[in-house]
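Here are the chains, one letter per residue:
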Amino acid sequence: MSLVIVIGRGHSGTRAISHTLYASGVYMGNLLNRSGDMMPPQKMYDACRVAANYVDWMGGLEWDFSRFIDADIPQEFTDLLDDYLGAILSHEYERNPRRGWKIPETTLVYPWIVRRFPDAKYIFWVRNPRDCILGRHGTDDLRRFGIDYPVTDDLRLRRAISWKYQYDLVRACPKPRHWLEVRFEDFVLDQEATLQRLEDWLGYPLGRIIVRPEAVNRWKHDDGVNYFDFFEPAMRDFGYEIPELT
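What follows covers the sheet that holds strand β4 (residues 98-102). Taken together, 4 strands build an open sheet; the order of strands is β4-β1-β5-β6 and the sheet is parallel. Both outer strands of the open sheet, β4 and β6 (178-183), are each paired with one neighbouring strand and no more. Each adjacent strand pair in this sheet contributes to an overall mean axis angle of 20 degrees, direction not counted. Two strands pair when backbone bridges link them, and strand β1 (residues 2-7) and strand β5 (residues 121-126) are joined in this way by 4 bridges, in the parallel orientation. By the bridge assignment, Val6 is partnered in β5 with Ile123. Contacts from helix α1 (residues 14-23) reach β1, β4 and β5, with the element oriented near 160 degrees to β1. Against the sheet, helix α7 (residues 155-172) touches β1, β5 and β6, its axis set at about 150 degrees to β6.

Here it is, written out as structure tokens:
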């Protein structure tokens, strides 16, 4: 089985790669929502809550992921994950050996996903966090999944903290054998070159979906706060412009 797993926070534009894989004949599950997430999601949500018990909040915006990365994976998590992935893990590979899934909550359990599927191909889908925090997502409030963080009534700040947490978690985990980072902006503004890169890496042709340039840099037309100074290391890492603050 050739397995592709999409990693990326909600509102990172991950639906674009999910729809692309689906259009390319990759089996993404029996039921997908409009965002290309494999449904139903409840077992994955519950698996995230099990995993959260292995994350230690150090106060502020710091978390220690060492127990999460190194601990034995509890059977409860494995059972929940296997239930969620039932259709993907079916033995009927001959029908379609190219399989994968996308749901943003996968990022919350990424260290154990890598250990469960070490030979899978991982696509880390990235978007400028200034755009990423403009829309609501279920992972905005990390406490919903049992993850501690500084309590705030500021919705944008809450989303920004969620973004940072997921970035820090991915960076703390050793990369799997097959790993590719793709910026949503590159996919939208230079789709052919980005798809060629993906095709070379995956080893098979990909379909083309409609992309809209206005999906990029939406923050420029936003009147609210969309930048926080703790974004800076990640934005430099991904090659995004850092604003000049006065």
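What follows covers helix α4 (residues 75-84). Within α4, burial applies to Phe77, Thr78, Leu80, Leu81 and Tyr84. Burial along α4 is one-sided: seen end-on, the buried residues are contained in an arc of 165 degrees. In α4, the exposed positions angled more than 90 degrees off the buried face are occupied by Gln75, Glu76 and Asp83. Looking at the buried residues of α4, the elements they touch are α2 (42-52), β4 and α5 (110-116).

Given a rise of 1.5 Å per residue, 12 residues ought to cover 16 Å, and the 16 Å separating the end C-alpha atoms of helix α9 (residues 191-202) matches this to within 8%. Buried within α9 we find Gln191, Thr194, Leu195, Leu198, Glu199, Trp201 and Leu202. End-on view of α9: buried residues confined to an arc of 165 degrees, all on one side of the axis. Where α9 is buried, its residues touch β1, α1, β5, β6 and α8 (184-189).

Once that is clear, we can look at empty space enclosed by the protein. Where empty space is left can be seen by rolling a probe of water-molecule size over the atoms. Going through the model one piece at a time under the given rule, you end up with 1 cavity of 30 Å³ or more. When its volume is computed, the largest cavity comes out at roughly 100 Å³. Taken together, the elements giving at least two residues each to the lining of the largest cavity come down to β5 and α7. It is α7 that contributes the most residues to the lining of the largest cavity, 4 residues altogether. Tallied by class, residues from the lining of the largest cavity come to 7 nonpolar, 4 polar and 2 charged.

This structure, assessed with the given rule, holds 19 aromatic pairs. Judged by centre distance (6.0 Å) and plane angle (65 degrees), the rings of Phe124 and Phe238 are edge-to-face. Remark: Phe238 occurs in helix α10 (residues 232-238) and Phe124 occurs in strand β5; sequence separation between them is 114 residues. When sorted by exposure, Phe124 lands in the same class as Phe238, which is buried. Residues Tyr167 and Phe238 carry aromatic rings whose centres are separated by 5.7 Å and whose planes lie at 80 degrees to one another, so their mutual orientation is edge-to-face. Placement of Tyr167 in helix α7 and of Phe238 in helix α10 is noted, with a sequence separation of 71 residues between them. Owing to a relative accessible area of 14%, Tyr167 belongs among the buried residues under this scheme.

Another point: the pairing of β4. Across the 5 residues that make up β4, a large majority, 4, are buried. Judged from the 5 bridges that link them, β1 and β4 form a sheet pairing that is parallel. In the sheet register, Ser2 faces β4, and the bridge partner there is Arg98.

The computed volume of the largest pocket comes to approximately 610 Å³. Around the largest pocket sit 29 residues that line it, and His11, Gly13, Thr14, Arg15 and Ser35 are the ones nearest its centre. Breaking the lining of the largest pocket down by element, the ones donating at least two residues are α1 and α8. Per element, the largest residue contribution to the lining of the largest pocket is 4 residues, and it comes from α1. For the lining of the largest pocket, the residue count by class is 12 nonpolar, 10 polar and 7 charged. Its volume calculated, the second largest pocket comes out at about 180 Å³. Along its surface, the second largest pocket is lined by Asn128, Arg183, Glu185, Asp186, Leu189, Asn217, Trp219, Lys220, Gly239, Tyr240 and Glu241. When the residues that make up the lining of the second largest pocket are grouped by side-chain class, the tally is 3 nonpolar, 3 polar and 5 charged.

Reading the values: the criteria
Residues numbered from 1 in each chain as written. Predicted model: local features only at pLDDT ≥ 70, side-chain atom pairs only at ≥ 80, totals over all residues. Heavy atoms only, no water. Pairing = 2+ DSSP bridges. Helix = DSSP H or I, 4+ residues; strand = E, 2+ residues; numbered from the N terminus. Axes fitted to C-alpha atoms, helices over the stretch in contact; angles between N-to-C directions. Contact = heavy atoms within 4.5 Å. Buried < 20%, exposed > 50% of the residue type's maximum accessible area, 1.4 Å probe, protein only. Arc of directions from axis to C-beta. Expected span 1.5 Å × (residues − 1). 1 Å grid on protein atoms, 1.4 Å probe; cavity = no way out; pocket = protein on both sides within 12 Å on 5 of 7 lines; lining within 4 Å. Points joined across faces, edges and corners; volume = space filled by probe spheres on them. Nonpolar A, V, L, I, M, F, W, Y, C, P; charged D, E, K, R; others polar. Phe/Tyr/Trp six-rings, centres within 6.5 Å; stacked < 30°, edge-to-face > 60°.

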